[in-house]
Amino acid sequence: QEERLAAVLAELNEAQRAAVEHGVCEAADMRPLLVIAGAGSGKTSTLAHRVAHLIARGADPQRILLLTFSRRAAQEMERRAGQVLAKVLGLRSEAPPALPWAGTFHGIGARLLREYAAQIGLDVSFTIHDRGDAEDLMGLVRSDIGLAAMERRFPRKGTCLAIYSRVVNGGAPLAEVLAQAFPWCAEWEAELKRLFGAYVEAKQAQQVLDYDDLLLYWAEMVAEPALAAQVGARFDHVLVDEYQDTNLLQAAILRALKPDGSGLTVVGDDAQAIYSFRGATVRNILDFPGQFTQPARIVTLERNYRSTQPILDVSNAVIAAAAERHAKTLWTDKPSVGRPQLVLVPDEAQQARFVAERVLAHREGGLALKSQAVLFRTSSHSAALELELARRNIPFVKYGGLKFLEAAHVKDLLAVLRFAQNPRGRMAGFRVTQLIPGIGPATSTRLLDAMAQAEEPGAVIQAFQPPSAAREEWARFAAIYAQLRAPALAWPADMELALGWYLPHLERLHDDAGLRRGDVEQLARLASGYASRERFLTELTLDPPEATSDRPGPPLLDEDYLILSTIHSAKGQEWRSVHVLNVVDGCIPADVAQGAQELEEERRLLYVAMTRARDHLHLIVPQRFYVTQQAVRGDRHLYAGRTRFISAAEATRFEQLTWPPPAGRAPAVPPPASVIDLQKRLRAAWR
Ligand code: ATP
Ligand code: MG
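Residues numbered from 1 in each chain as written. Chains lettered and ligands numbered in written order. Predicted model: local features only at pLDDT ≥ 70, side-chain atom pairs only at ≥ 80, totals over all residues.

- Taking an unreviewed UniProt entry as the reference, the protein chain is identified by name as DNA 3'-5' helicase belonging to Variovorax soli.
- Here the protein chain is described in UniProt, under the heading Sequence similarities (unreviewed entry), as follows: "Belongs to the helicase family. UvrD subfamily." (UniProt positions renumbered as here; feature names shortened; annotations may be inferred.)

This is the structure:
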């Protein structure tokens, strides 16, 4: 095994090896470890190697806590670590080591909170609100306390939630958050405070947690020294990827779990911090070295294994102008295949056409669709492209985009399960009872009020007397509900039961029931992949907590398909070819980005997009593009030019082309050699 281990380590460069072996051998150096390095330098691979290495040396996978940015990233890490481990152990097949504690901060938080629920006074059957539910509850609470009837200028529910979330995640007082990020709402400070108080009360009464609560409760839990010690002692190793995008709560959680930083490894790149709009702070990674009772060891990686040198050159140039960062310049010896392209197109329709053609050309050249991605700033920016792809029958999957989980019928079915899981959850309860003909909003509210008062809310359902029109259907529902609440029922039998109850309603409610039926059946099929109802609901809700992830969409799974993704969701990933849409001022940077700090974040966003490319990078600049702006509440066209982050001088590093080629002019094929010779000869004749 030692030999195989040495062989695996030999595949790494020296700095990577140092990070992998840190504190693993005898005379263990238990200092916390910070790997800070640029894009594509192997931070994530190094982390995967480190996990494999730890396990090969006898670490118990149960005692490794691995925190990633998305569940997809956690699974990928598990897979990569499995590959390495198989090599080290000399196994033929890759049996991935189950890493039971690999996941996102939010997902792991949900699990720990449920485990320790009794000790922190939380009901173990709590359910989790996604952004939509959270906004709706915020809206309900707002009308409950009479704020809705106020002037129309009062911030919308989505804005209210965003403000609340900023306060919770950033630890700054409301007044400060308002002044800095929501100045147009500052006049409502007192009302907002009242609203947020009522919102917190409502969540507690209903035993629901929103995304922010998962971190907040976790942080509060480990602020209790005894509990911190108890939870911290469960993990010998805590590893975090993408540390530059964590917030203060997340840093506080790590400090509480590992006060001396021993066994703690974080990796990240300050130049890729793109989540400060959500309360993440790059200070976490910059301040990491001095946060623990022993100083951290810092490892930097400079060699890039992902991209070609021309791609690195243009990416480095974009980030080199950044105001504040750890200076690092990436290099590679990967052979290049031409320069990155800067493509001028007249508008978004032509942009879509260009991308579709280029994608097909790449496929002709041997690049599977799956190894190509199209990135854009906001989900709506891919609309024209989606049409074009559909027109040409090019299959695609959109990350973090198509709102499968937000479709009414999918939410309905999930609500049935949620309501069974947590009878006090009013959003789910309201949704489900409204499906029953003859039950109106007032009846639902009466029922839910009665349930809120009851010791045994489930029993209220059985005893409830609905209006006579609803009596028969109510009896059917009550019977199913009792079964769903029965502890003996084994998952995913509940799903079958819930689906069986819901399908007739779906048929009755929707003209396009056939299509919708496919979705809910797909959802039901997914159920068997989860250990329990609670895990299914939690993970489906959390993934994506914010932007990302693999949606359980139509069954494209084995086919080849193009990836469409927002830049935020593309974090950490790589493709052979990458197209970036709308690389124009007004989009990147967005014209709402005003402050110097916001502008810097926009620069990093472009850097993240460009550094996803391995061989081919295409930046598209439509001269005219359409923006939907929430801030001004309206749509408009924008005539724009190339992003300010690529100067005229830097633009010359790109192959610049105009598309479609101007009519009448031949495409830019170099003239045959003989003509050049002839011209030379003719010129020479005049000298
Ligand atoms: P990002 O900042 O975008 O998250 P990263 O630093 O995490 O990037 P990885 O995704 O881990 O980088 O690695 C980028 C690519 O380089 C991957 O394809 C990986 O397999 C490859 N790679 C990393 N280290 C090596 C190595 N020592 N030898 C060969 N390939 C490597
Ligand atoms: Mg990475």
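Observations concerning the sheet that holds strand β8 (residues 297-301)
Argument step 1. Judged by pairing direction, the sheet is parallel, and its six strands sit side by side in the order β3-β2-β6-β7-β1-β8 without closing on themselves. Every interior strand has two partners, whereas the edge strands, β3 (102-104) and β8, have only one. Direction aside, the axes of adjacent strands within the sheet are offset by 15° on average.
Argument step 2. Of the pairings in the sheet, the one linking strand β1 (residues 33-37) to strand β7 (residues 264-268) comprises four bridges and is parallel in character. (Pairing = 2+ DSSP bridges. Helix = DSSP H or I, 4+ residues; strand = E, 2+ residues; numbered from the N terminus. Axes fitted to C-alpha atoms, helices over the stretch in contact; angles between N-to-C directions.)

Some details on the packing of helix α17 (residues 408-421) against helix α23 (residues 513-527)
Argument step 1. As a packed pair, α17 and α23 sit with axes 9 Å apart at the nearest point and diverge in direction by 40°. Here α17 is positioned oblique relative to α23, judged by the angle of their axes. The hand of the α17/α23 crossing is right-handed. Together, H409, V410 and L413 of α17 and R516, D519, V520 and L523 of α23 make up the contact between the two elements.
Argument step 2. For the contact of α17 with α23, the residue count by class is four nonpolar, one polar and two charged. (Parallel < 35°, antiparallel > 145°, perpendicular 65-115°, else oblique. Left-handed = near helix turned anticlockwise from the far one by under 90°. Contact = placed C-beta atoms within 7 Å. Nonpolar A, V, L, I, M, F, W, Y, C, P; charged D, E, K, R; others polar.)

Thoughts on the site of ligand 1
Argument step 1. Surveying the vicinity of ligand 1 reveals 19 residues, the closest of which are G42, K43, T44, S45 and Y305.
Argument step 2. The element contributing the most residues to the shell around ligand 1 is helix α3 (residues 43-56), with three residues.
Argument step 3. Per-class residue counts for the shell around ligand 1 are four nonpolar, 10 polar and five charged. (Near = placed C-beta within 6 Å.)

Side note on the environment of V84
Argument step 1. Note on placement: V84 falls in helix α4 (residues 71-89).
Argument step 2. Looking at V84, the number of C-beta atoms within 10 Å reads 25, which means it is buried.
Argument step 3. C-alpha of V84 to C-alpha of A56: the two residues are 28 residues apart in sequence and 9.6 Å apart in space. (Buried ≥ 20, exposed ≤ 12 C-beta atoms within 10 Å, placed from the backbone.)

Quick look at the pairing of strand β10 (residues 372-376)
Argument step 1. By the criterion of burial, β10 is predominantly enclosed, with five of the five residues buried.
Argument step 2. On β10, burial covers both faces: Q372, V374 and F376 on one face and A373 and L375 on the other are all buried.
Argument step 3. One ladder, built from four bridges, connects β10 with strand β13 (residues 575-580); its direction is parallel. The residue bridging A373 from the neighbouring strand is V578, located in β13.
Argument step 4. For β10 and strand β12 (residues 562-566), the ladder comprises four bridges, and the chain directions are parallel. When the sheet's bridge partners are listed, F376 is paired in β12 with T566.

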